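Single-letter residue listing:
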Amino acid sequence: MNPQDDQQPSLSLFAGAAGQPENPICSGKGCRADARWVLVWNNPKLHTPDRRKTWLACDEHREHLSQFLSVRGFLKEVLPFAEWTAAEAQAQAQAQAQAQAQPPAAPPGA
């Protein structure tokens, strides 16, 4: 299995050379199918409670990957890929708006 390793994945993770989203693929070993699901997980022995990692799953591997994570107590939620990307895009837009609204910090010693 090849998990996606970003703490909070961004849409840029799936962007192609022209900036257009590519079809993300399933994290199942050897699977090249389009991802339809995002499995959000966390290993409490390694990660802080707010850290979130993701695996992507096709329809065929969703249950298998979910069970793998659930048995270990890692699985936090399973979301449709389209829902997750829309929420991620909204979060990025909000973060950019907040960054633009804050005045630049004064340089040290100024």
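Source: prediction; values computed, not measured. (Residues numbered from 1 in each chain as written. Predicted model: local features only at pLDDT ≥ 70, side-chain atom pairs only at ≥ 80, totals over all residues. Heavy atoms only, no water.)

## Structural notes on the overall build of the chain
The cut-off we apply is this: Secondary structure elements follow DSSP: runs of H or I no shorter than four residues count as helices, runs of E no shorter than two count as strands, and numbering proceeds from the N terminus. Accessible area is worked out with a 1.4 Å probe on protein chains only. A residue is then buried under 20% of its type maximum, exposed over 50%, and partly exposed in between. When checking whether two residues touch, look at their non-hydrogen atoms; a contact exists if any pair is within 4.5 Å. All accessible-area figures derive from a Shrake-Rupley calculation using a 1.4 Å probe, and residue coverage is judged against the displayed protein chains alone.
Looking only at helices and strands, the chain has two helices and three strands in total. Ordered by position in the sequence, the α and β elements of the chain form the string β-β-α-β-α. Burial analysis of the chain (110 residues in total) assigns 31% to the buried set. Nonlocal contacts in the chain, meaning residues at least 24 apart in sequence, comprise 59% of its contacts between residues at least 6 apart. Roughly 7,400 Å² of accessible area belongs to the chain as shown, and the carbon and sulfur atoms make up 51% of that amount.

## A word on the sheet that holds strand β2 (residues 53-57)
Spelled out, the test is: Strand pairing requires that DSSP identify at least two bridges connecting the strands. Fitting a line to C-alpha atoms yields each axis, with helices limited to the stretch in contact; the angle taken between N-to-C directions then spans 0 to 180 degrees.
If you walk across this open sheet you meet the three strands as β2-β1-β3, and the pairing is antiparallel. Edge positions in the sheet fall to β2 and β3 (75-80), since each of these pairs with one other strand and no more. When strand polarity is set aside, the average angle formed by the axes of neighbouring strands in this sheet is 25 degrees. On top of the sheet, helix α2 (residues 81-101) reaches β1 (37-41), β2 and β3; it is set at about 95 degrees to β3, its chief contact.

## Considering the confidence of the model for the chain
For the record, the criterion: pLDDT expresses how confident the predictor is about each individual residue, on a scale running from 0 to 100.
Confidence in the prediction for the chain averages 80 pLDDT; 74% of positions are at 70 or higher. Summarising per-element confidence for the chain, the mean pLDDT is lowest in α2 (82) and highest in helix α1 (residues 62-71) (97). Predicted confidence is poor over residues 1-20, with pLDDT under 50, and the contacts of this stretch with residues over four places away or in other chains come to 47 contacts.

## Observations regarding the nonpolar core
This is how the line gets drawn: Nine residue types can take part in a nonpolar core, namely buried Ala, Val, Leu, Ile, Met, Phe, Trp, Tyr and Cys, and a core is a set of them joined through side-chain atoms within 4.5 Å.
If you look at the biggest cluster of nonpolar residues, it comprises eleven residues: Cys-26, Cys-31, Trp-37, Leu-39, Trp-41, Trp-55, Ala-57, Cys-58, Leu-65, Leu-69 and Phe-74. At the level of elements, β1, β2 and α1 are the ones that each hand at least two residues to this core. Ranked by residues supplied to this core, first place goes to β1 with three residues.

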